[in-house]
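Residue-level structure breakdown
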Amino acid sequence: MTQIYLIDKSTFQQYQDISVNIKPERLNAFIKKAQDLDLKPLLGRNIYNSLLSHFDDAGILKPDAPQHFKDLLNGAEYLDDKGNIVLYEGIIPALVYFTFARFIENDAVHYTPTGPVIKQQDMGQALATSEIMKLVQKQRSIANAYANDIERFLDDHHQYFIQWQQNNKNRTARQPGPRIRAVDRTRYNYPLTGSTPELYYPITEFLN
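Residues numbered from 1 in each chain as written. Predicted model: local features only at pLDDT ≥ 70, side-chain atom pairs only at ≥ 80, totals over all residues. Heavy atoms only, no water.

1. As for the confidence of the model for the protein
Of all residues in the protein, 70% have pLDDT values of 70 or greater, and the mean over the chain is 78. Helix α8 (residues 204-207) is the least confidently modelled element of the protein, averaging 34 in pLDDT, while helix α4 (residues 67-74) averages 97, the highest of any element. Within the model, the stretch residues 177-208 combines pLDDT values under 50 with 46 contacts to residues more than four positions away or in other chains. (pLDDT = per-residue confidence, 0-100. Helix = DSSP H or I, 4+ residues; strand = E, 2+ residues; numbered from the N terminus. Contact = heavy atoms within 4.5 Å.)

Have a look at this one:
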């Protein structure tokens, strides 16, 4: 089955600045994780799979896709049951920020034969682990705000998405920060060796 990516590198330009040096295929790995681990649990497997079924093999939404799926993806302006105007921005913003959070969290760590290390930038000082976690939390908080709007849209259009059922357990699990419960500081406390690249420092340098 062809992998469908709902966003690509160019999509990020509308929301976040990312380096032009990031390869699209590398970013796609995080887009896939965000779709599978953030978006799919949010929508529910049935609605998620139905949405993807309306894309062609090139990853383009088919012209004959039902309008409610087009609106779910791209956003819409509509009146709710109380007559209030709702400006819904679609799935794309939430997916961008979920992806960006996962990218930041993963990009901060490099895996070497001796264990994980924090990257040290050659053009500047690498952020401390606490600062990286704050940045990830900020991106996930933004993503969750957009995710709440997606849930409201589905609630307001339940007649078109009869399989939609809000999962409060899943909503609670959408925490804003990195999902690291604990760190074993001794396991990764490896000494630097002559073969260790100078651009990397042991992860314990930032955890102690």
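2. Description of helix α2 (residues 24-43)
When the local axis directions of α2 are compared, the greatest deviation, roughly 35°, occurs at Gln35. Backbone geometry just after α2 places Gly44 at a positive phi near 95°. (Bend = angle between axes of the 7 residues up to and from the residue.)

3. Here's the deal with the environment of Ile91
By the element assignment, Ile91 lies in the loop between β2 (85-88) and α5 (92-107). With a relative accessible area of 0%, Ile91 lands in the buried category. When the C-alpha positions of Ile91 and Leu6 are compared, they lie 8.9 Å apart, and in sequence the two are 85 residues distant. Apart from the residues within four sequence positions on either side, Ile91 is in contact with Leu39, Leu43, Leu51, Leu72, Leu73 and Ile150. (Buried < 20%, exposed > 50% of the residue type's maximum accessible area, 1.4 Å probe, protein only.)

4. Some thoughts on the pattern of salt bridges
As enumerated under the stated definition, the model contains 5 salt bridges in all. The salt bridge involving Asp36 is made with Lys32; its shortest N-O contact spans 2.7 Å. Of this pair, Asp36 and Lys32 both sit in helix α2, 4 residues apart, which is roughly one turn of that helix. On the basis of relative accessibility, which here comes to 23%, the residue Asp36 falls in the partly exposed class. Taking the relative accessible area as the measure of exposure, Lys32 reaches 34% and is therefore partly exposed. Between Arg152 and Asp80 there is a salt bridge whose closest N-O contact spans 3.1 Å. Here Arg152 is found in helix α6 (residues 129-156), whereas its partner Asp80 is found in the loop between β1 (76-79) and β2, with 72 residues between them in sequence. Given the relative accessible area of 11%, Asp80 is considered buried. (Salt bridge = Lys/Arg side-chain N within 4 Å of Asp/Glu carboxyl O.)

5. Describing the environment of Leu95
Within the element layout of this structure, Leu95 appears in helix α5. Classification of Leu95 as buried rests on a relative accessible area of 1%. When the C-alpha positions of Leu95 and Leu6 are compared, they lie 8.3 Å apart, and in sequence the two are 89 residues distant. In this structure Leu95 touches Leu6, Ile7, Ala34, Gln35 and Leu39, once residues within four positions along its chain are discounted.

6. Brief notes about the packing of α5 against α6
Contact pair α5 / α6: the axes reach a minimum separation of 8 Å and the direction vectors enclose 160°. Overall, the two elements α5 and α6 adopt an arrangement that is roughly antiparallel. In this structure, α5 meets α6 at a crossing whose hand is left-handed. Contacts from Pro93, Ala94, Tyr97, Phe98, Phe100, Ala101, Arg102, Ile104 and Glu105 of α5 reach α6 at Ile132, Leu135, Val136, Gln139, Arg140, Ile142, Ala143, Asn144, Tyr146, Ala147 and Ile150. (Axes fitted to C-alpha atoms, helices over the stretch in contact; angles between N-to-C directions. Parallel < 35°, antiparallel > 145°, perpendicular 65-115°, else oblique. Left-handed = near helix turned anticlockwise from the far one by under 90°.)

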